[in-house]
Amino acid sequence: MRTISENRCFGGVQGVYAHPSQATGTEMTFGLFLPEEADRSPVPVLWYLSGLTCTHENAMVKAGAQKWAAEHGLALVFPDTSPRGEGVANDEAYDLGQGAGFYVNATQAPWAPHFRMWDYLAEELPRIVTAAFPLDEERQSITGHSMGGHGALTLAMRLPGRFRSVSAFAPIAQPTQSDWGRKQLSAYLGSDESLWLNHDSTHLMTEYGFDGDVLVDQGAQDQFLTLLRPEALAGAMATRRQPGAFRVQRGYDHSYFFVASFIPDHIAFHAEALWR
């Protein structure tokens, strides 16, 4: 691992690090905020997964999360959204290829050699960060925005016992039934739609639910509502009687202004579960 930068931030340190990844076969970059409590003992960790076109940097810079994480004594991990670099497949469209890994293990050409973001986030990066930094691997939660909300929800429901809580900002809630999903899942996983269901949070909520609390915020004026399909996930949560809340926020869109407005609520929500 190499250190790209480290900056003092709200009494802690905001770092950016890079490492060779066995999962993706590339160098991967991530951001990590450590609160000052990490100088004394391991701290709980909140994972933040970003959306389409983003790198590790978008949420790290725009969400304003460090202030609230510092107040609650939480670490924040900001992974990248896909493999990158020379020899890594890409597409001219913004919603496929680099910046659009969709948190799956691709099985189809030309994506299969590098686009293994599920393995990277479910196995490799957690192993790396908990070995290298003072993080309490028994106290983890996860959140994300848009494509990252999709990733957070699917990881949480498919890895029971890993995360104490999960939240999402405007998640892609039913990708098997949306143009934000059908395009990517067919490209990465092939035409057998039964293989897509493990990456559909509405399906997973209907079948399994989450063994903790869930918080979802959705902007009522989100310009991508027809692609996100929030009503499907809300209905699945209601039908399952999933503990938690699905909130529609009047006047808010899909931007990081929306995320920054409600990130204090989400971090407080996760802190309650992580320090319980």
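Look up: the structure comes first, before these words.
Residues numbered from 1 in each chain as written. Predicted model: local features only at pLDDT ≥ 70, side-chain atom pairs only at ≥ 80, totals over all residues. Heavy atoms only, no water.

Participant: Looking at this structure, I do not really get the overall build of the protein. What am I missing?
Facilitator: Helix and strand counts for the protein stand at nine helices and nine strands. Rg of the C-alpha trace for the protein: 17 Å, near the compact-globule value of 19 Å for 276 residues, within the 12% margin. By sequence separation, contacts in the protein at least 24 residues apart represent 72% of the contacts at least 6 residues apart. Accessible surface computed for the protein: about 11100 Å², of which carbon and sulfur atoms make up 48%. Across the protein, the mean location of the 20 positive side-chain charges is 4 Å away from that of the 31 negative side-chain charges. (Helix = DSSP H or I, 4+ residues; strand = E, 2+ residues; numbered from the N terminus. Rg over C-alpha atoms; globule rule 2.2 N^0.38 Å. Contact = heavy atoms within 4.5 Å. Areas by Shrake-Rupley, 256 points an atom, 1.4 Å probe, with all protein chains shown as cover. Lys, Arg positive; Asp, Glu negative; His and termini not counted. Charge placed at Lys NZ, Arg CZ, Asp CG, Glu CD.)

Participant: For this particular structure, what's the right way to read the packing of aromatic side chains?
Facilitator: Aromatic rings in a pair are described by how distant their centres are and how their planes are angled relative to each other. Here the structure, examined in full by the defined rule, presents eleven aromatic pairs. Taking 5.5 Å as the distance between ring centres and 90° as the angle between the ring planes, the aromatic pair formed by Trp111 and Tyr188 counts as edge-to-face. With Trp111 in the loop between β5 (75-79) and α3 (117-132) and Tyr188 in helix α5 (residues 179-189), this residue pair connects regions lying 77 residues apart in the sequence. The residues Trp111 and Tyr188 share a single accessibility class, namely buried. Ring pairing ties together the aromatic residues Phe169, Tyr252, Phe258 and Phe262, which thus form one cluster. Its guanidinium or amino end placed over the ring of Trp68, Lys67 lies 5.0 Å from that ring's centre, counting from NZ or CZ. Above the plane of the ring of Trp118 lies Arg158, whose end atom (NZ or CZ) is 4.0 Å from the centre. (Phe/Tyr/Trp six-rings, centres within 6.5 Å; stacked < 30°, edge-to-face > 60°. Buried < 20%, exposed > 50% of the residue type's maximum accessible area, 1.4 Å probe, protein only. Lys NZ or Arg CZ within 6 Å of the ring centre and 35° of its normal.)

Participant: Help me understand the pattern of salt bridges, please; the structure alone is not making it clear to me.
Facilitator: Opposite charge on two side chains allows them to pair when their charged atoms are near. This model, assessed by the stated rule, comprises nine salt bridges. One salt bridge connects Asp119 with Arg116, and the closest N-O pair in it is separated by 3.1 Å. Taking relative accessible area as the criterion, Asp119 reaches 19% and is therefore assigned buried. For Arg116, a relative accessible area of 26% puts it in the partly exposed group. Note that Arg247 and Asp265 form a salt bridge whose closest N and O atoms lie 3.0 Å from each other. Here Arg247, found in strand β9 (residues 244-249), pairs with Asp265, found in helix α9 (residues 256-274); they are 18 residues apart in sequence, far enough to count as distant. Where salt bridges share partners, they join Asp217, Arg247 and Asp265 into one cluster. (Salt bridge = Lys/Arg side-chain N within 4 Å of Asp/Glu carboxyl O.)

Participant: What exactly am I supposed to notice about the nonpolar core here?
Facilitator: In globular proteins that are soluble, nonpolar side chains generally tend to be buried together. Judged by nonpolar contacts, the single largest core of 86 residues is most densely connected at Trp47, Leu121, Ile142, Leu155 and Tyr188. With sequence-adjacent residues up to four places away left out, Leu121 is seen in contact with Trp47, Leu49, Pro79, Tyr103, Pro126, Leu155 and Arg162. (Core = buried A, V, L, I, M, F, W, Y, C linked by side-chain atoms within 4.5 Å.)

Participant: In this structure, what is going on with the environment of Ala112? I would like to understand it.
Facilitator: Note that Ala112 resides in the loop between β5 and α3. With relative accessibility at 23%, the residue Ala112 sits in the partly exposed group. Not counting the four nearest positions on each side in its chain, Ala112 is found in contact with Ala106 and Thr107.

Participant: Whenever I open this one, the state of the cysteines confuses me. Can you help?
Facilitator: Joining two cysteines, a disulfide is a covalent bond between their sulfur atoms. Enumeration over the complete set of coordinates arrives at zero disulfides. No disulfide involves Cys54; its sulfur sits 19 Å from the nearest other cysteine sulfur, which is in Cys9. According to the relative accessible area criterion, Cys54 is buried, its value standing at 7%. (Disulfide = S-S within 2.5 Å.)

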